[in-house]
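Notes for the structure review
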Amino acid sequence: MFEKMRRKTWSFLKVGLSLAVFSIFFVTAALGAPLKVGIVETLSGPQASTGLKCLAAVKYVLNAFNAAGGWGGAPVQLLEYDSQGNPAGAADKVKAAIADGVQIIFQGSSSAIGGQVSDDVRKHNLRNPGNEIIYHNLGAQAMEFTGKRNHFYHFRYSPNAEIYVKALVSAMKKAGVLGKRVYSMNQNYSWGQDVQKAILDYASQGGYQVVGATLHDVNKIQDFAPYVAKIKDSNAETVITGNWSNDLLLLMKGVHAANLKVRFATIFLDQPGNIGNAGEVALGYYLANGFNAEGGGKEGEKFAGDYKAKTGHYPDFVEPPIVFGMQMLCEALKKVKPEGGKLNTTTLVKAIEAVQITTPVGKWRMRAEDHQVLLPIVLSVVSKDAKYKVDDTDMGFKPVKVLTADEAACPVQADNAMQRPK
């Protein structure tokens, strides 16, 4: 009798196990494979500090998205690829990401690398209709990305050179601190060349003369003293620079050593270390960027506090715009369902075009004509009155003006090459 009961129990167990396996198979088949996304960034070498901040901001948003259920009933899988700071390395990593099944690629810490990523994504999509991937451009800001190299599967979630320079010039002129003599100091590649062009283009509107211009090698200059001397000799009142990474850190160090009395108008001055390197000569310097915790009021401080709790530091430099851009992507993903068990990236592109979000400093939206995000720009000045101090100094970035997305926007470029699929 005992043996009969044992066989009966085992039969029930086998039926239960079979049903469980079938249920798992059915659910898996219905949901399909998890969505894979990949970040191709500089995660080692001299410029890794920027790439690692990109990675931290991406993880901050994806962790929250996955905690809320992910996409298609499964967590989004983030794969990391180190480009090692050069386009050739990025090209290899894009190939690896595609082979791994990645459908969305994130990158943003360099326009030189961004150009490689964008071209590789475009070429893949032309060769593989129906299996397109998306380049989610987090911060490669050269004009060409929404101009002659633009394509339907590219989105830029940061301003371009014209937007930044327009904001700096208009705000500083209105405040009476721009002056009549401006020096252009930039890195000699697509981004720096775009900033220099914008400085020249806005000279008439800003009422200034460009009294000197330097385009220097990228990430190769160890001593900026000769360049600081050129600025001093020009008798410039303001230096407008798009420099970032070591090229801005070392420039600030050179300015401090020379005790140069000139105002800087910058885009990346909130990169950690710059105020520490410049010291009190930085008081009165201007910064244009996409976020300021103090300027965002209670919501800005709430976001900054949560970011610090999750990452160990307040959001700065490239991080806030990346967070908001990733939040736009996640909002779009919520509106897109799996098709045949996978993501239809063309459907997602159209969903991103329709997304609008409200950040602590204002509304963000995506312009469908060129996939350039339209976002508010915060103008800040280095001051001891700032609520949030930086670099273990008594100085920080005091917000002085917030331009709305419409006020900050520049027209679609005449050479915009984006073509919508038929």
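One can find the structure itself at the top, above this paragraph.
A few points on the structure. (Residues numbered from 1 in each chain as written. Predicted model: local features only at pLDDT ≥ 70, side-chain atom pairs only at ≥ 80, totals over all residues. Heavy atoms only, no water.)

**Re helix α2 (residues 48–67)**
Applied cut-off: Only DSSP runs of H or I reaching four residues or more are called helices, and only runs of E reaching two or more are called strands; each is numbered from the N terminus. Between the first and last residue of a helix there are one fewer steps than residues, each counted as 1.5 Å, and that sum is the expected span. Relative accessibility decides the category of a residue: with a 1.4 Å probe and only protein chains considered, values under 20% of the type maximum give buried, values over 50% give exposed, and everything between is partly exposed. Any two residues having at least one pair of non-hydrogen atoms within 4.5 Å are treated as being in contact.
Under the 1.5 Å per step criterion, the end-to-end length of α2 is 28 Å for 20 residues, consistent within 8% with the ideal 28 Å. Residues Ala48, Thr50, Gly51, Lys53, Cys54, Leu55, Ala57, Val58, Tyr60, Val61, Leu62 and Phe65 constitute the buried set of α2. Contact partners of the buried residues in α2: β1 (36–41), β2 (77–82), β3 (104–107), α11 (297–311) and α12 (319–334). Where α2 ends, the next residue or the one after it, Gly69, has phi of about 125 degrees, a positive value.

**Some points on the sheet that holds strand β8 (residues 238–241)**
Rules: Note on pairing: two strands pair once DSSP finds at least 2 bridges between them. Every angle, taken between N-to-C directions, lies between 0 and 180 degrees, and every axis is a line fitted to C-alpha atoms, over only the stretch in contact when it is a helix.
The strand order across the open sheet formed by seven strands is β7-β6-β8-β9-β10-β14-β15, and the pairing between neighbours is mixed. Single-partner strands in this sheet number two, and they are β7 (209–216) and β15 (396–403). Here the average twist between neighbouring strands, direction ignored, is 20 degrees. On top of the sheet, helix α5 (residues 161–175) reaches β8, β9 (263–266), β10 (286–289), β14 (377–383) and β15; it is set at about 140 degrees to β10, its chief contact. Lying on the sheet, helix α9 (residues 246–258) is in contact with β6 (181–187), β7, β8 and β9; it crosses β9 at an angle near 170 degrees.

**Overview of unusual backbone geometry**
Positive phi values are uncommon outside glycine, yet Phe317 reaches one of about 60 degrees. Along the chain, the position of Phe317 falls in the loop between α11 and α12. Phi is positive for Asp392, close to 55 degrees, though the residue is something other than glycine. Looking at the secondary structure, you find Asp392 in the loop between β14 and β15.

**Some details on the pattern of salt bridges**
What counts, and what does not: Whenever Lys or Arg places a side-chain nitrogen within 4 Å of a carboxyl oxygen from Asp or Glu, that contact is recorded as a salt bridge.
Enumeration according to the criterion identifies 15 salt bridges in this entry. Of the charged contacts, one joins Arg149 and Asp119 as a salt bridge, the two residues approaching to 2.7 Å between their closest N and O atoms. With Arg149 in the loop between β4 (134–137) and β5 (154–156) and Asp119 in helix α4 (residues 111–127), this pair connects stretches of sequence that are 30 residues apart. For Asp119, a relative accessible area of 18% puts it in the buried group. Across the pair Arg420 and Glu353 runs a salt bridge whose closest N-O atoms are separated by 2.8 Å.

**Notes on the environment of Val195**
Here Val195 shows up in helix α6 (residues 190–201). In this structure Val195 comes out as buried when scored by relative accessible area, which is 0%. Once the C-alpha coordinates of Val195 and Phe291 are considered, the two residues, 96 residues apart in sequence, prove to be 20 Å apart. Excluding anything up to four places from it in sequence, Val195 contacts Ala161, Val165, Asn186 and Gly242.

**Considering the side chain of Ser158**
Topologically, Ser158 is positioned in the loop between β5 and α5. In this structure, Ser158 is in contact with Leu138, Gly139, Ala140, Gln141, Gln372 and Val373, ignoring residues within four places of it in sequence.

**Comments concerning the environment of Tyr153**
Looking at the secondary structure, you find Tyr153 in the loop between β4 and β5. Spatially, the C-alpha atom of Tyr153 lies 29 Å from that of Gln271, the residues being 118 residues apart in sequence.

**What about the packing of helix α3 (residues 87–99) against α4?**
Inclusion rule: Working rule for handedness: look at the near helix, and if it is turned counterclockwise from the far one by less than a right angle, call the crossing left-handed; if clockwise, right-handed. Gly is placed with the polar residues, together with every amino acid not listed as nonpolar (Ala, Val, Leu, Ile, Met, Phe, Trp, Tyr, Cys and Pro) or charged (Asp, Glu, Lys and Arg).
Packing of α3 against α4 leaves a shortest axis separation of 9 Å and a crossing angle of 35 degrees. As α3 packs across α4, the resulting crossing turns out to be right-handed. Along its contact with α3, which presents Pro87, Ala90, Ala91, Val94 and Ile98, the element α4 presents Ala112, Ile113, Gln116, Val117, Asp120 and His124. Of the residues assigned to the contact of α3 with α4, the class counts are eight nonpolar, two polar and one charged.

**Comments concerning the packing of aromatic side chains**
Rules: Two aromatic rings, drawn from Phe, Tyr or Trp (for Trp, its six-membered ring), form a pair once their centres lie within 6.5 Å of each other, and the interplanar angle then sorts them: stacked below 30 degrees, edge-to-face above 60, tilted otherwise.
A full pass over the atoms with the stated rule returns 16 aromatic pairs. Residues Phe291 and Phe303 carry aromatic rings whose centres are separated by 5.2 Å and whose planes lie at 80 degrees to one another, so their mutual orientation is edge-to-face. Taken as a pair, Phe291 in the loop between β10 and α11 and Phe303 in helix α11 lie far apart in primary sequence, 12 residues in all. The buried category is assigned to Phe291, whose relative accessible area is 6%.

**Topic: the nonpolar core**
Here is the rule we go by: Only buried residues count toward a nonpolar core. Its members are Ala, Val, Leu, Ile, Met, Phe, Trp, Tyr and Cys residues joined through side-chain atoms within 4.5 Å.
Ranked by internal contacts, the top residues of the largest apolar core, which has 113 residues, are Phe106 and Leu348. Setting aside residues no more than four positions away along its own chain, Leu348 makes contact with Ile104, Ile134, Leu329, Ala332, Leu333, Val336 and Leu343. Counting 16 residues, the second-largest nonpolar core is a separate cluster that includes Val40, Tyr81, Val121 and Ala140.

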